[in-house]
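So the chains spell out like this:
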Amino acid sequence: MIQKREKVKCPVCSSKFIPESFHFEKTSFDQIITKGELIEFPNGKHQLELKPFTSFRGAFVTYCPECGYLIKFAAEIGSKEIIEDPSRIKKLGAIKEFGKTYKFKFDSNEKPYMDYTDYFIEQVDNIKKSIKNALDEVNFDTWGGSYRKWKEDKSVDSFKFLIHFYSTLIDYLDSEVEDDSNNKSLVQKIEELSLPKNLEILTKDVGKLRNKIAHEIYELTEEEEVLVETTFTQFMQYLIKKQLTQLNLNKIKIKPDYDFINIEKIKYEIQEFLHIYLENVLPIKGLFNQFLIPLFKDLGVRTPDYNP
């Protein structure tokens, strides 16, 4: 049975509502045997006995928020099924009627109606899928793979990371800049991206540093390493924000019939998902406070109670 996407109508007060929840009630309904008249005769007697065609086992229970009436739906419905070879099954539970042997075969049902949890999860899952699809386009393996090695593998020095970062940056600029990008300088390409001013300056400085070390043996100073890492993290934030801004996460709308869903809880779940996703692809130090909180605020999904 497919869960219905509609409101339940109370049979007592006729109000319509989205169930807050369903509870599963373990029940065992003994079938009432319907008996005909007992007729006795010398050395014998006869009485017709019939069990109902269907039986019930278990129930989904909800209640009407208006009048409190409990509403039950069968969780398992059993119907009579002929046993072709009665000798192969236990006699317990077998039914003999009209010269044939039957048993009840039970089929399980889903909850008959979607409840609050179902609607909430559906809304959140749809948003998370759109977020994942958008972020997968960033290609974190290319951007973040070398960064992870730089931070976790001592054999990968700052020079190697800078070379890889710069190369990836050039490829990205070429893919974004239109009209004869081969004849444009790095500075021109950066300016055409319309980056935030601070990031534009950082990116240009990294380009100058790359050109500097390309022509001489050079070991990056601590200050230059900070420049490279700061540029990388801010550029990642730029790419992520660019992908997610188009999803309008700050303007999540709920259909009028589903206005019982709490928007703030959806925002919380979005933050949790982004936190887990980005933590796995970007091993940035201080990711939550220095990277995610500003990102959440920019996207308009920051909630005061989010504290993983």
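On a predicted model such as this, the values are computed, not experimentally measured, just so you know.

1. Overview of the overall build of the protein chain
Phase 1: Helix and strand content of the protein chain: eight helices and 13 strands.
Phase 2: In terms of overall size, the protein chain is more extended than a compact globule, its C-alpha atoms giving a radius of gyration of 33 Å where 308 residues would be expected to give roughly 19 Å.
Phase 3: Dimensions of the protein chain along its principal axes, counting C-alpha atoms only, are 120 × 50 × 40 Å.
Phase 4: Nonlocal contacts in the protein chain, meaning residues at least 24 apart in sequence, comprise 65% of its contacts between residues at least 6 apart.
Phase 5: A total of about 19400 Å² of accessible surface is found on the protein chain, and carbon and sulfur atoms cover 50% of it.
Phase 6: Looking at charge distribution, the protein chain has the averaged site of its 45 positive side-chain charges lying 7 Å from that of its 50 negative ones.

2. Quick notes on the pattern of salt bridges
Phase 1: By the definition in use, this model includes 20 salt bridges.
Phase 2: Here D298 and K241 are joined by a salt bridge, their closest N and O atoms 3.9 Å apart. Here D298, found in helix α8 (residues 287–299), pairs with K241, found in helix α6 (residues 222–245); they are 57 residues apart in sequence, far enough to count as distant.
Phase 3: Bridged by salt links that share partners, the residues E191, K197, E200 and K204 form one connected network.

3. Focus: the state of the cysteines
Phase 1: If you walk through the whole model with that rule in mind, you get zero disulfides.
Phase 2: The cysteine C13 is free of any disulfide, with C64 supplying the nearest cysteine sulfur at 3.6 Å.
Phase 3: Of the residues examined, C64 reaches a relative accessible area of 0% and is grouped as buried.

4. Concerning the environment of L244
Phase 1: Mapped onto the elements of the fold, L244 is located in helix α6.
Phase 2: Judged by its relative accessible area of 0%, L244 is buried.
Phase 3: With 55 residues separating them along the chain, L244 and L299 place their C-alpha atoms 7.6 Å apart.
Phase 4: Here L244 is in contact with I131, A134, L135, L249, L274 and L299, once residues within four sequence places are set aside.

5. A short note on the environment of P11
Phase 1: One can find P11 in the loop between β1 (8–9) and β2 (16–17).
Phase 2: P11 sits 58 residues away from Y69 along the chain, and the two C-alpha atoms are 8.6 Å apart.
Phase 3: Among all residues touching P11, those that are not within four sequence positions of it are Y69 and I71.

Rules of the game
Residues numbered from 1 in each chain as written. Predicted model: local features only at pLDDT ≥ 70, side-chain atom pairs only at ≥ 80, totals over all residues. Heavy atoms only, no water. Helix = DSSP H or I, 4+ residues; strand = E, 2+ residues; numbered from the N terminus. Rg over C-alpha atoms; globule rule 2.2 N^0.38 Å. Contact = heavy atoms within 4.5 Å. Areas by Shrake-Rupley, 256 points an atom, 1.4 Å probe, with all protein chains shown as cover. Lys, Arg positive; Asp, Glu negative; His and termini not counted. Charge placed at Lys NZ, Arg CZ, Asp CG, Glu CD. Salt bridge = Lys/Arg side-chain N within 4 Å of Asp/Glu carboxyl O. Disulfide = S-S within 2.5 Å. Buried < 20%, exposed > 50% of the residue type's maximum accessible area, 1.4 Å probe, protein only.

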